[in-house]
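# Structure at a glance
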Amino acid sequence: MPLEVAIRRAGAEDVPAVEALLASASLPLNGAAEAVARAGVVARADGAIVGAAALELYGEAGLLRSVVVAPDHRRTGVGRAVVAAAEALARDEGVRDMYLITETAIDWFPRLGYTPVERAVANEAVGASVEFTTICHDKGVPMVRRLR
Ligand SMILES: CC(C)(COP(=O)(O)OP(=O)(O)OC[C@H]1O[C@@H](n2cnc3c(N)ncnc32)[C@H](O)[C@@H]1OP(=O)(O)O)[C@@H](O)C(=O)NCCC(=O)NCCS
């Protein structure tokens, strides 16, 4: 990751920029603002938000969502860095198993330690989430990583 990219905890003031990144990547906006403000991280470069990731918390299970990097900053490690920062935040929140559901990065998340998991298992853990109930329901692949 280039030196000038800094990862930090997101705040409510970051929500519009993160929503713009999500929209341009055609990722779900439902629940994103709440997740980003409650438990999100952002990558910043030259005063602009160039990446983000957020969590929804369900006890010992976490849902990693809204992972996005601006197109002109991809393939430089920003994606890996925002996921690592979200995982650190999740550990601090007591999360043991981090779930996600993805249609667009099915081959990417396994490089970060995630493995496909049966939908029933994921549903049991994070099935109340907006993403699992309303989005990606048919084509999305659920995955999990044990954090601790
Ligand atoms: C997926 C995404 C977050 C990766 O961000 P990134 O900053 O490019 O990731 P990194 O730089 O850490 O990793 C890049 C590596 O992963 C690969 N990669 C990136 N996106 C990938 C994808 N969707 N599928 C498979 N491999 C992918 C790149 O080819 C690169 O490989 P290399 O190191 O061999 O060159 C980014 O491509 C993105 O925002 N995509 C659109 C939104 C999205 O799909 N988010 C996930 C929703 S669940």
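Above this text is the structure in question.
No experiment lies behind these values; they were computed from the predicted model shown.

What follows covers the side chain of E87. Here E87 shows up in helix α3 (residues 78–92). On the accessibility criterion, E87 (5% relative accessible area) is buried. With sequence-adjacent residues up to four places away left out, E87 is seen in contact with M98, L112, Y114, R145 and L147.

Bringing the pattern of salt bridges into the picture now. Throughout the structure, instances matching the rule amount to nine salt bridges. A salt bridge links R44 to D14; its shortest N-O distance comes to 3.7 Å. Placement of R44 in strand β2 (residues 40–45) and of D14 in the loop between β1 (6–9) and α1 (15–24) is noted, with a sequence separation of 30 residues between them. On the accessibility criterion, R44 (28% relative accessible area) is partly exposed. For D14, a relative accessible area of 2% translates into the label buried. One salt bridge connects R148 with E60, and the closest N-O pair in it is separated by 3.4 Å. Residue R148 is found in the segment after β7 (141–146), and its partner E60 is found in the loop between β3 (48–58) and β4 (61–69); the two are separated by 88 residues along the sequence. A residue is classified by how much of its surface remains accessible, and R148, at 48% relative accessible area, is partly exposed.

With that settled, consider the environment of D107. Of note, D107 is situated in the loop between β5 (97–102) and β6 (115–116). The class for D107 is exposed, based on a relative accessible area of 68%.

The next point concerns the nonpolar core. The nonpolar side chains of soluble globular proteins are, as a tendency, buried together. Judged by nonpolar contacts, the single largest core of 40 residues is most densely connected at L55, L64, F109 and Y114. Those elements giving two or more residues to this core turn out to be α1, α2 (32–39), β2, β3, β4, α3 and β5. Those residues in contact with Y114 that lie beyond four places of it in its chain are L64, V83, E87, M98, L100, F109, M143, V144 and R145. If you look at the next biggest cluster of nonpolar residues, it comprises nine residues, including A61, L63, A122 and V144.

Around the ligand, the surrounding shell holds 20 residues, and the nearest of these are V67, R75, G77, G79 and T104. Contact distances for the ligand include 2.7 Å between an oxygen atom and a backbone N or O atom of G77. At a separation of 2.5 Å, an oxygen atom of the ligand approaches a polar side-chain atom of T104. Where the shell around the ligand is concerned, the elements lending two or more residues are β4, α3 and β5. In terms of residue class, the shell around the ligand is made up of 10 nonpolar, five polar and five charged.

α2 packs onto α1 with a crossing angle of 130° between their chain directions and a minimal axis gap of 10 Å. In terms of orientation, α1 and α2 fall into the oblique class. In this structure, α1 crosses over α2, and the sense of that crossing is right-handed. In this structure, α1 uses V15, V18, E19 and L22 to contact α2, whose residues at the interface are A32, A33, V36 and A37. When the residues that make up the contact of α1 with α2 are grouped by side-chain class, the tally is seven nonpolar, no polar and one charged.

Conventions used here
- Residues numbered from 1 in each chain as written.
- Predicted model: local features only at pLDDT ≥ 70, side-chain atom pairs only at ≥ 80, totals over all residues.
- Heavy atoms only, no water.
- Helix = DSSP H or I, 4+ residues; strand = E, 2+ residues; numbered from the N terminus.
- Buried < 20%, exposed > 50% of the residue type's maximum accessible area, 1.4 Å probe, protein only.
- Contact = heavy atoms within 4.5 Å.
- Salt bridge = Lys/Arg side-chain N within 4 Å of Asp/Glu carboxyl O.
- Core = buried A, V, L, I, M, F, W, Y, C linked by side-chain atoms within 4.5 Å.
- Near = heavy atom within 4 Å.
- Polar contact = N/O pair within 3.5 Å; in protein donor to acceptor, adjacent residues only side chain to side chain.
- Nonpolar A, V, L, I, M, F, W, Y, C, P; charged D, E, K, R; others polar.
- Axes fitted to C-alpha atoms, helices over the stretch in contact; angles between N-to-C directions.
- Parallel < 35°, antiparallel > 145°, perpendicular 65-115°, else oblique.
- Left-handed = near helix turned anticlockwise from the far one by under 90°.

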